[in-house]
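Coordinate inspection notes
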Amino acid sequence: ILFDADIVISIGSAAGSIGLNGVPSAYPEFSSTETISRFRLQKDSLRQLRDEITQADLHLGADLAILAVSGPGGSFRNVLFGNRSSVTKQAVDESNSCWQIARQSDGKVVIATIESDPAGQSWQDFFRALAAASTATDDVQQIIIYSSIDQTPSAENRLVFDLQFETDPENPNRRELQNHQLLSTALRILEDKQVYLKSRLDPAAVEDLGLGCIESDDQIQRIVDRAESGILLRDAHRCTIR
């Protein structure tokens, strides 16, 4: 059906990092299982994969794209239509200006939200939000992750929380975690900062992870009232701190 179409127009959203192919594409999603797996595992260089996407879109006649530039809280900053390359460049520029946040000098408390679809919120989102929050100010002491996470972490992710109580630097699990930059960064933050989580998990499950459990907005307000200073970082899992 795609090859028989006169025109193929890709439609997608730029939110934070735009991803491997720059703009949405029918390829490799509508190709073979083997190709999809190769892209997911990035078995070739990024340049090779992008060139492959470009060639596929040219053969499909998909040189046009509609790209929405989204901002924090599900807002739309712009909707662009036109040639793929020009739309991509403008979308990247606008997305970067929206999601690259300047590091602040002051802020003892950082409230970092995850406002994407509750059904799609993951522990990877949690770790990304945690990493952004920890560098959002020069003197952050407390971090509140405001989310709708409703699943307990996988065994690999659970390891991050368990290791914050492990003092042996030669622990093999700790060394293994060093191969995962995001997870090792999260572990250092958990060891150094006071981290709270508002989620859809049972309070006992949150506390079992070594996190402070937030059950209501009133609890957040009390933390904020006691703090000397603080900032709100919306959709922190998509932000880059510079």
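Whatever comes next refers back to the structure up there.
It should be emphasised that the depicted structure is a prediction, and the values quoted were computed from it without experimental measurement.

1. Considering the packing of helix 4 (residues 123-134) against helix 5 (residues 155-163)
Contact pair helix 4 / helix 5: the axes reach a minimum separation of 10 Å and the direction vectors enclose 40 degrees. Comparing their axes, helix 5 and helix 4 come out oblique. On the side of helix 4, the interface is formed by Trp-123, Gln-124, Phe-126 and Phe-127, while helix 5 contributes Asn-157, Val-160 and Phe-161. Residue composition of the contact of helix 4 with helix 5, grouped by class: five nonpolar, two polar and no charged.

2. Observations regarding unusual backbone geometry
If you check the backbone angles, Asp-235 has positive phi at about 50 degrees while not being a glycine. Tracing the chain through its elements places Asp-235 in the loop between strand 9 (230-233) and strand 10 (240-241).

3. Side note on helix 2 (residues 46-60)
The terminal C-alpha atoms of helix 2, which comprises 15 residues, lie 21 Å apart, in line with the 21 Å expected from a rise of 1.5 Å per residue. Residues Leu-49, Ile-53, Ala-56, Asp-57 and Leu-60 constitute the buried set of helix 2. Angularly, the buried residues of helix 2 cover 95 degrees about the axis, an arc narrow enough to put them on a single face. Exposed residues on helix 2 whose side chains face more than 90 degrees from its buried face are Arg-47 and His-59. Within two residues after helix 2, Gly-61 carries a phi angle of roughly 75 degrees, on the positive side.

4. Quick word on the nonpolar core
The nonpolar side chains of a soluble globular protein tend to be buried, and buried together. Of all hydrophobic cores here, the largest spans 37 residues; its most connected members are Trp-123, Phe-126, Leu-130, Ile-145 and Leu-211. Every element with two or more residues in this core is listed here: helix 3 (84-99), strand 5 (109-113), helix 4, strand 6 (142-146), helix 5, helix 7 (181-192) and strand 7 (194-198). With seven residues, the top contributor of residues to this core is helix 4. Each residue touching Leu-211, except ones within four places of it in the same chain, is listed here: Phe-126, Phe-161, Leu-190, Val-195, Leu-197 and Val-206.

5. So, a nonpolar patch on the surface
Residues Ile-7, Ile-9, Ile-11 and Phe-81 make up a contiguous nonpolar surface patch of about 430 Å² in total accessible area. Here Ile-7 is to be found in the segment before strand 1 (9-14).

6. Brief notes about the environment of Asp-208
Inspection of the secondary structure puts Asp-208 in helix 8 (residues 203-208). Sequence separation between Asp-208 and Phe-161 is 47 residues, and the spatial gap between their C-alpha atoms is 8.9 Å.

7. Some thoughts on helix 4
An ideal rise of 1.5 Å per residue puts 16 Å on 12 residues; helix 4 measures up with 16 Å between its terminal C-alpha atoms. Among the 12 residues of helix 4, nine are classified as buried, and the element is accordingly described as predominantly covered. Residues Trp-123, Asp-125, Phe-126, Phe-127, Ala-129, Leu-130, Ala-132, Ala-133 and Ser-134 constitute the buried set of helix 4. Structurally, the start of helix 4 carries an N-cap: the backbone nitrogen of Gln-124 is 3.3 Å from a side-chain oxygen of Ser-122.

Criteria and thresholds
Every chain begins its residue count from 1, and numbering advances along the sequence as written. Given that the model is predicted, a residue must reach a pLDDT of at least 70 before its local features are reported, and side-chain atom pairs must reach 80 or more before they are shown or counted; all residues, however, enter totals for whole chains, interfaces and linings. Computation of side-chain values: all heavy atoms of the structure, hydrogens and water removed. Axis definition: a line fitted to C-alpha atoms, limited for helices to the stretch in contact. Angles are taken between N-to-C directions and run from 0 to 180 degrees. The secondary structure listing takes helices from DSSP runs of H or I that are at least 4 residues long and strands from runs of E that are at least 2 residues long, numbered from the N terminus. Our angle categories are set so that under 35 degrees counts as roughly parallel, over 145 as roughly antiparallel, 65 to 115 as roughly perpendicular, and the remainder as oblique. Any two residues whose heavy atoms approach within 4.5 Å are treated as being in contact. Classification used: nonpolar for Ala, Val, Leu, Ile, Met, Phe, Trp, Tyr, Cys and Pro, charged for Asp, Glu, Lys and Arg, polar for all others including Gly. The span expected for a helix works out to 1.5 Å for each residue beyond the first. When accessible area is computed with a 1.4 Å probe and restricted to protein chains, residues below 20% of their type maximum are described as buried, those above 50% as exposed, and intermediate ones as partly exposed. Directions from the helix axis toward the C-beta atoms define the arc. In plain words, nonpolar cores are sets of buried Ala, Val, Leu, Ile, Met, Phe, Trp, Tyr and Cys residues tied together by side-chain atoms within 4.5 Å. Residues forming no salt bridge and having over 30% relative accessible area are the ones grouped into patches, like charges within 9 Å of each other and nonpolar side chains (Val, Leu, Ile, Met, Phe, Trp, Tyr) within 5 Å. Areas reported here follow the Shrake-Rupley algorithm with a probe of radius 1.4 Å; residue values treat only the protein chains shown as occluding. Salt bridges are defined as contacts in which a side-chain nitrogen from Lys or Arg sits within 4 Å of a carboxyl oxygen from Asp or Glu. Polar contact is the term for a pair of N or O atoms within 3.5 Å; when the atoms are in protein, one must be able to donate a hydrogen and the other to accept it, and sequence-neighboring residues count only if both atoms are side-chain atoms.

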